[in-house]
Amino acid sequence: MQPETRTIQSRSWLILLALITLAGLGLRLLAWHWHEFYPLGGDEREYLEQALALLRGEGYHELKFMRPPLYAVFLAAGVWLVDGSTQGLRLIQAVLSAATIPLIYGLTWELLRGSGVGVARGAALAAALLAALSYTLALNATELLTETSFLFGLTLVFWLLLLAARRRSARIAFAAGLALGVLCLLRSVALPLLALGAGWLWLQRRQIVDPAPGLAQNTGTSNRHMALLFIAGALLCILPWTARNVARYDSFILIDTTGQENLWLDNDPAGREAVKRQLYAMGEDRGGRARLATRMGLRAIAADPARFAAKSWRELQAFFALEQVDDMRARPAIWVRPAEVWLRLLFGDGVWLVVLTAGLAGLAFGPWRGMRAVLGLWIAYVILTAAIYHVELRYRLPLYPALLPAAGWAISNFNVQGLRFRWAQWRAALAAALVAAAVALTLLHAPYPSLAWQLGRKHLHLARADAALAAGDPASAHNEALAALQLDERSALARVALARAALQQGREAEAERQLRQAIDALPAHPYAHLLLGDLLRRRGDEEAARRELAYETAALEDLQRWAWQRFVTAPPSELDIGGGLDLGWLTGFHPAEDGARWTTGRALLRLGAPAGRRSLILRLRSPRPAGAPEARVSVLVDGREQAQVIAGPEWHDLEVPLPAGAGGELLVEIRSSVFRPHDYDRASPDGRRLGVELDEVRVVSLNWGEK
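To start, this report covers the structure provided alongside it. This is a predicted model, so every value here is computed, not measured. (Residues numbered from 1 in each chain as written. Predicted model: local features only at pLDDT ≥ 70, side-chain atom pairs only at ≥ 80, totals over all residues. Heavy atoms only, no water.)

Quick notes on the environment of I104
Mapped onto the elements of the fold, I104 is located in helix α4 (residues 86-112). For I104, a relative accessible area of 2% puts it in the buried group. Residues I104 and T155 lie 51 residues apart in sequence; the distance between their C-alpha atoms is 6.6 Å. (Helix = DSSP H or I, 4+ residues; strand = E, 2+ residues; numbered from the N terminus. Buried < 20%, exposed > 50% of the residue type's maximum accessible area, 1.4 Å probe, protein only.)

This is the structure we're talking about:
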């Protein structure tokens, strides 16, 4: 092949990799945007508080359970960089997750470069594409936890090990050790790689595959020296922290005590809370806690091996669960955008299944430059520790750097290699056994095919019920909702559809019965509460209605829009904005605060209007920080602009004369310039787009003020 042709092909591959990386970044930014208002979890808040303490000059302090220190330092740097914005921290992690994609490409290329350029590039691009399309990785980047940075570092360590062995480079071996040391200070689960990596370097053949320039005529650093330098680099990072622990706690603690304490927490029949109380009672005696936890954990396992085996078997099955399906089944009250549901199922669980099955098959067949044992042992270690302790599905993310290259090879070489499987029957048997075991464990955890069939049929009936309600056919909607309820007797959505059908038929008592049964079945789901609130408001039971309508803020879904489309009560001519009884007649507002609501820049209101000449009265204000744009407000009624004003910072009434007309319903639209408080005060966590604040809206006759 001519050099020019080879250069053009190389550029084409790089362009493809760049496009794949940009697609992966786009997916991560989509998840980042969708999860903007998700609250921080318990571990996230602890890590963030640790970081803020560092920035306040209070030094490093341990959490209740001692963890490695570097993630708090990473977050502290991020907080300083983005002025404390939680969404800014998530953005940093989204970019870091996207940066892992070309690293996966580089790792796969390095593993397979001895198999030919075409094979290596095809597999590397396939592996990078799987990493880019993984919605699981995109979602984890929105959580302020160690997994995203750990995955980047783990991929880097594997790649540097391969590069050091190929080039027989002392510097790269030392750099790989430094990277591993940093990784261990991020999560100490990486410690076994010290032995795995050093052993692999020690046992490498001395030949060089495709050596770097300047190394073609020599064999470079010896295996022993590379292994020792790898160990030295790692210890150079780890031992200063160990020395700090010894000085502070008068006990040898290599990095942290998480593993020892979890051994007891996860295996004592008394339960985690009982064990926590005993550990907390020991205060800051971290060494004593670690020794006690190790002793008691081993004692609990030895005292009842059958219980431990049963528990580990359950955890093993849970390890292979379909994460997104289980999450949505376990938390049906949590609203998820329809588009995100499909992304979770197809690009979350779907991509995981491809990575798992193709990765295990590829690991059995692929030409892995002696890394098969290292990757296999790493996979076995991750699974085994999860079974011994407990499973959170983010704990399986360290499998990705081992499985993605193998999955990429299996996918890109399936057609060619499928014809050659006969020469290695033992590998075919191994691949089949690994894939069968993984699939069996997945199905033992839950009967996913039958669940999918049941859920699919249920949601088809619910979709038909919604369509019938929109078409004004409550009888058909009732039948479809009943069919959905037969498939899932606890379905709150089916009972909500039955209630809506009853309301369209004027059967309020039946609607209320269905709504209360929906609330009994799923108390946290907002739909039934909101519809019940509308019904109670119409009856005049305002206090009970306020309690139910307060569920407007119970989900991240735009429940103002949902109520706007589904409530059946006619609007009044006077509306107390933010008083707790306005839902269903407005949309485009932020939740109420201090008895009023801010608009989002474009807001809609429905009002009843008397016949004849009338005016629209709006009580509003727009206090803004210095430097913010002035509050330019346009008021449109039934699509026609009726007024343009600049809203001031104090409450005042704006009167908008309206053309004479027949009585009925008016559609009022309020448009305004917006500002974000965080843009003018970096200490403010408020990133909302704020327009104007409304307190009251009413329609009156033109002589409303006369006696």
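Observations regarding unusual backbone geometry
Phi angles above zero are rare outside glycine, and D594 is one such case at about 55°. By secondary structure assignment, the location of D594 is in the loop between β2 (586-589) and β3 (597-609). A relative accessible area of 80% places D594 in the exposed class. Phi angles above zero are rare outside glycine, and D638 is one such case at about 50°. Among the structural elements, D638 can be located in the loop between β5 (631-637) and β6 (640-647). Taking the relative accessible area as the measure of exposure, D638 reaches 47% and is therefore partly exposed.

A word on the pairing of β5
The element β5 is largely enclosed, with a buried count of six among its seven residues. Relative to β6, β5 runs antiparallel, the two being bridged by seven bridges. Across the sheet, A631 pairs through a bridge with A647, a residue of β6. Remark: two residues form the turn of the hairpin made by β5 and β6, two consecutive strands paired antiparallel; D638 in that turn has positive phi of roughly 50°. (Pairing = 2+ DSSP bridges.)

Quick notes on helix α18 (residues 400-412)
When the terminal C-alpha atoms of α18 are compared, their 17 Å separation across 13 residues agrees well with the 18 Å that a helix rising 1.5 Å per residue should span. Of all 13 residues in α18, eleven are buried, a share of seventy percent or more. All of the buried residues in α18 are Y400, P401, A402, L403, L404, P405, A406, A407, G408, W409 and A410. (Expected span 1.5 Å × (residues − 1).)

What to know about a nonpolar patch on the surface
Together, I15, L16, L19 and L22 line one region of the surface with nonpolar side chains, adding up to about 390 Å² of accessible area. Mapped onto the elements, L22 comes out in helix α1 (residues 3-34). (Patch = residues over 30% accessible without salt bridge, like charges linked within 9 Å, V, L, I, M, F, W, Y side chains within 5 Å. Areas by Shrake-Rupley, 256 points an atom, 1.4 Å probe, with all protein chains shown as cover. Salt bridge = Lys/Arg side-chain N within 4 Å of Asp/Glu carboxyl O.)

A few points about the state of the cysteines
If you walk through the whole model with that rule in mind, you get zero disulfides. The structure places no disulfide on C184, whose sulfur is separated from the nearest cysteine sulfur, that of C237, by 9.1 Å. (Disulfide = S-S within 2.5 Å.)

Overview of helix α20 (residues 425-445)
Compared with an ideal rise of 1.5 Å per residue, which puts 21 residues at 30 Å, α20 spans 30 Å between its outermost C-alpha atoms and is within 8% of the ideal. Considering only its buried residues, α20 is in contact with α14 (305-319), α16 (338-365), α17 (372-388) and α21 (448-470). (Contact = heavy atoms within 4.5 Å.)

What to know about the side chain of T142
Here T142 shows up in the loop between α6 (135-140) and α7 (147-167). Taking the relative accessible area as the measure of exposure, T142 reaches 8% and is therefore buried. Polar contacts involving the side chain of T142 include one to the main-chain carbonyl oxygen of L139, which spans 2.5 Å. Those residues in contact with T142, other than ones at most four positions away along the chain, are A31, W32, H35, E44 and R90. (Polar contact = N/O pair within 3.5 Å; in protein donor to acceptor, adjacent residues only side chain to side chain.)

Some points on the environment of L186
Inspection of the secondary structure assignment puts L186 in helix α8 (residues 170-186). Linking L186 and A440, residues 254 residues apart in sequence, is a C-alpha distance of 33 Å. The contact partners of L186, leaving out residues within four places of it in the chain, are P68, L70, Y71, T146, S149 and F150.

Observations concerning the environment of A23
Position of A23 among the secondary structure elements: in helix α1. Along the backbone, A23 and A563 are 540 residues apart, and their C-alpha atoms lie at a distance of 35 Å.

A few points about the packing of aromatic side chains
Under the defined criterion, the tally for this structure stands at ten aromatic pairs. When the ring of W598 is compared with that of F675, the centres are 6.0 Å apart and the planes differ by 80°; the resulting orientation is edge-to-face. Residue W598 is located in strand β3, and its partner F675 is located in the loop between β8 (664-672) and α28 (677-680); the two are separated by 77 residues in the primary sequence. For the pair W598 and F675, a shared accessibility class is recorded, and that class is buried. Here the aromatic residues Y47, Y71 and F74 are joined through ring pairs into a cluster of three or more. Just above the ring of F150 sits the side chain of R187; from NZ or CZ to the centre is 5.1 Å. Lying over the aromatic face of W564, R606 brings its terminal NZ or CZ to 4.0 Å of the ring centre. (Phe/Tyr/Trp six-rings, centres within 6.5 Å; stacked < 30°, edge-to-face > 60°. Lys NZ or Arg CZ within 6 Å of the ring centre and 35° of its normal.)

Some remarks on the nonpolar core
Counting residues in hydrophobic clusters, the biggest one holds 109 residues, and the most contacted among them are F158, L180 and M371. The biggest single contributor to this core is α7, with eleven residues. When neighbours within four sequence positions are excluded, M371 is seen to be in contact with L111, F158, L162 and W200. (Core = buried A, V, L, I, M, F, W, Y, C linked by side-chain atoms within 4.5 Å.)

Details of the side chain of S622
Tracing the backbone shows S622 in the loop between β4 (612-621) and β5. There is a polar contact of 2.9 Å between the side chain of S622 and the side chain of R624. Every residue in contact with S622, bar those within four places of it in the chain, is listed here: W598, A631, A647, G648, P649, G691 and V692.

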